Amino acid sequence: QKEVEQDPGPLSVPEGAIVSLNCTYSNSAFQYFMWYRQYSRKGPELLMYTYSSGNKEDGRFTAQVDKSSKYISLFIRDSQPSDSATYLCASSMEYGNKLVFGAGTILRVKS
Amino acid sequence: DTEVTQTPKHLVMGMTNKKSLKCEQHMGHRAMYWYKQKAKKPPELMFVYSYEKLSINESVPSRFSPECPNSSLLNLHLHALQPEDSALYLCASSPTGGNYGYTFGSGTRLTVV
């Protein structure tokens, strides 16, 4: 079992839709949770990070972590064609500097 | 400056060549990382440097040799690579530990022929 599981998609939605991207994890020691966006042939770009459980909002993006169910979510409101990319969730423990990535979900927003 | 700069952007090398990948950041970050990413796969950790010292080596073959000359620079020396080593090589940095996320460079796309 991978430590962080993520459906690779692709997920295809119309412009303006609300997008829900999800990951599950198995390591109870994970305390930090991140979402990265990666465009084709580019490096990953940090979108959001959260510590422990809770919600965090930044513009059209909302990250949620439910540690009781080991579930990580990213919501994108009013999705745009420019949001089309691969979205990677990642987790790390309280101490140490090793991120564990999910497989990445390919998102396609159609105009 | 909030960027991680990687050079070259593209590299084609033969299996007997020696080449180096370079990474530079001027954000004062004290942890730097090398990742390898194959097509349609997530990044895989190779090496971690913390305060210029190698802290993690993820059992990477010795044909990959990292070097951290100072707190701003990270190199990856390549020798006798195999075609299966062709991938996107990503450098990243973080303030200390990676708990608040890394800043990634755009990567070097390596092709071994």
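Scroll up to find the structure.
Attention in this report is confined to the structure presented alongside it. (Residues numbered from 1 in each chain as written. Chains lettered and ligands numbered in written order. Predicted model: local features only at pLDDT ≥ 70, side-chain atom pairs only at ≥ 80, totals over all residues. Heavy atoms only, no water.)

With that settled, consider the environment of A:Ser20. Residues and elements named next belong to chain A. Tracing the sequence through the fold places Ser 20 in strand β3 (residues 19–25). Distance from Ser 20 to Ala 63, taken between C-alpha atoms, is 9.9 Å for residues 43 residues apart in sequence. Residues within four places of Ser 20 in sequence aside, it is in contact with Leu 11, Leu 74 and Phe 75. Engagement of the side chain of Ser 20 in a polar contact is seen with the side chain of Asn 22, the distance being 3.5 Å. (Helix = DSSP H or I, 4+ residues; strand = E, 2+ residues; numbered from the N terminus. Contact = heavy atoms within 4.5 Å. Polar contact = N/O pair within 3.5 Å; in protein donor to acceptor, adjacent residues only side chain to side chain.)

Attention now moves to the packing of aromatic side chains. Considering all chains together, one arrives at 12 aromatic pairs over all chains under this definition. Judged by centre distance (4.8 Å) and plane angle (50°), the rings of A:Tyr32 and A:Tyr51 are tilted. One end of the pair, A:Tyr32, is in strand β4 (residues 30–38); the other, A:Tyr51, is in strand β5 (residues 45–51), with 19 residues separating them in the sequence. Relative to A:Phe101, the ring of A:Tyr36 has its centre 5.7 Å away and its plane inclined at 55°; by these criteria the two rings are tilted. One end of the pair, A:Tyr36, is in strand β4; the other, A:Phe101, is in strand β10 (residues 100–101), and 65 residues separate them in sequence. The buried category is assigned to A:Tyr36, whose relative accessible area is 0%. Among the aromatic residues, those joined into a cluster by ring pairs are A:Tyr36, A:Phe101, B:Tyr33, B:Tyr35, B:Tyr102 and B:Phe104. Taking the ring centre of A:Tyr49 as reference, the NZ or CZ of A:Lys56 above it sits at 3.9 Å. (Phe/Tyr/Trp six-rings, centres within 6.5 Å; stacked < 30°, edge-to-face > 60°. Buried < 20%, exposed > 50% of the residue type's maximum accessible area, 1.4 Å probe, protein only. Lys NZ or Arg CZ within 6 Å of the ring centre and 35° of its normal.)

With that out of the way, let us pick up the state of the cysteines. Summed over all chains, the structure comprises 2 disulfides over all chains. A sulfur-sulfur distance of 2.0 Å marks the disulfide that ties A:Cys23 to A:Cys89. Torsion about the S-S bond of the A:Cys23 and A:Cys89 cystine: about -105°, corresponding to left-handed handedness. Note that A:Cys23 is positioned in strand β3 and A:Cys89 in strand β9 (residues 85–93), a separation of 66 residues in sequence. For the pair shown, A:Cys23 and A:Cys89 are each scored as buried. Each disulfide pairs two cysteine sulfurs, and for B:Cys23 the partner residue is B:Cys91, the sulfurs being separated by 1.9 Å. Looking along the S-S bond of the B:Cys23-B:Cys91 disulfide, the torsion reads about -70°, which is the left-handed sense. (Disulfide = S-S within 2.5 Å.)

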